[in-house]
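Chains, contacts and geometry: an overview
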Amino acid sequence: MTEVDSNPQLRAVFGRMILQMAVVWAATMIGGAVAAKASDDFIWVLFVLISGFILSSAVLESGRRHAMVADRR
């Protein structure tokens, strides 16, 4: 059993992080579809996808910081 499996706080943090990333990527895909439908210009779809990647990276960093705080307790 790994440390993450034995620590319920870390499991909770990683579970929330996965849910948050799923929401970010779902919103990104919907935004990409809307941008593609609204404009024939691919640059807007690319912009939405890059924004989603940046947001998901922020979610990962937030989860990592929460995991470090939970691990110190």
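Description of the structure in this document. Since we're looking at a predicted model, the values are computed, not measured.

Points about the overall build of the chain
Each helix and strand in the chain was counted, giving 3 helices and 0 strands. In the chain, the order of α-helices and β-strands from amino to carboxyl end is α-α-α. Out of the 73 residues in the chain, the part that is buried amounts to 23%. A fraction of 66% describes how many contacts in the chain between residues 6 or more apart in sequence connect residues 24 or more apart. Element-wise, carbon and sulfur atoms account for 70% of the exposed surface of the chain, whose accessible area totals about 5400 Å².

Notes on a nonpolar patch on the surface
Residues Phe42, Ile43, Trp44, Leu46, Phe47, Ile50, Phe53 and Ile54 make up a contiguous nonpolar surface patch of roughly 880 Å² in combined accessible area. Within the fold, Phe47 resides in helix 3 (residues 42-72).

So, the environment of Gln20
You can see Gln20 is positioned in helix 2 (residues 8-38). For Gln20, a relative accessible area of 40% gives the class partly exposed. Between the C-alpha atoms of Gln20 and Gly63, which are 43 residues apart in sequence, the distance is 9.5 Å.

Quick look at helix 2
Compared with the 45 Å implied by 1.5 Å per residue over 31 residues, the 45 Å span of helix 2 between its first and last C-alpha is a close match. Looking only at helix 2, the buried set comprises Leu10, Val13, Met17, Met21, Val24, Thr28, Gly32 and Ala35.

Brief notes about the side chain of Ser56
Looking at the element boundaries, Ser56 is found in helix 3. Judged by relative accessible area, Ser56 falls into the buried class, the value being 4%. A distance of 2.9 Å separates a polar atom in the side chain of Ser56 from the backbone oxygen of Phe53. Not counting residues within four places of it along the chain, the set of residues in contact with Ser56 comprises Met21, Val24 and Trp25.

Quick notes on the rules
- Counting restarts for each chain, with residues numbered from 1 along the sequence as it is written.
- Given that this is a predicted model, residues contribute local features only at a pLDDT of at least 70 and side-chain atom pairs are listed and counted only at 80 or more, while totals for whole chains, interfaces and linings are drawn from all residues.
- Side-chain measures were taken over the full set of non-hydrogen atoms in the model, leaving aside hydrogen atoms and water.
- Helix numbering and strand numbering both begin at the N terminus, where a helix is a DSSP run of H or I of at least 4 residues and a strand a DSSP run of E of at least 2.
- With a 1.4 Å probe rolled over the protein chains alone, any residue whose accessible area is under 20% of its type maximum counts as buried; one over 50% counts as exposed, and the rest are partly exposed.
- Two residues qualify as a contact provided that any one of their heavy atoms is within 4.5 Å of a heavy atom in the partner residue.
- Only the protein chains shown count as cover for residues, and the accessible areas themselves come from Shrake-Rupley with a 1.4 Å probe.
- Patch membership is restricted to residues that have no salt bridge and whose relative accessible area is over 30%. Joining uses 9 Å for like charges and 5 Å for the nonpolar side chains Val, Leu, Ile, Met, Phe, Trp and Tyr.
- Any carboxyl oxygen of Asp or Glu within 4 Å of a side-chain nitrogen of Lys or Arg constitutes a salt bridge here.
- Expected helix span is given by 1.5 Å per residue-to-residue step, counting one fewer step than there are residues.
- For this analysis, a polar contact is any N or O atom pair within 3.5 Å, provided that within protein one partner can donate a hydrogen and the other can accept it, and provided that sequence-adjacent residues contribute only side-chain to side-chain pairs.

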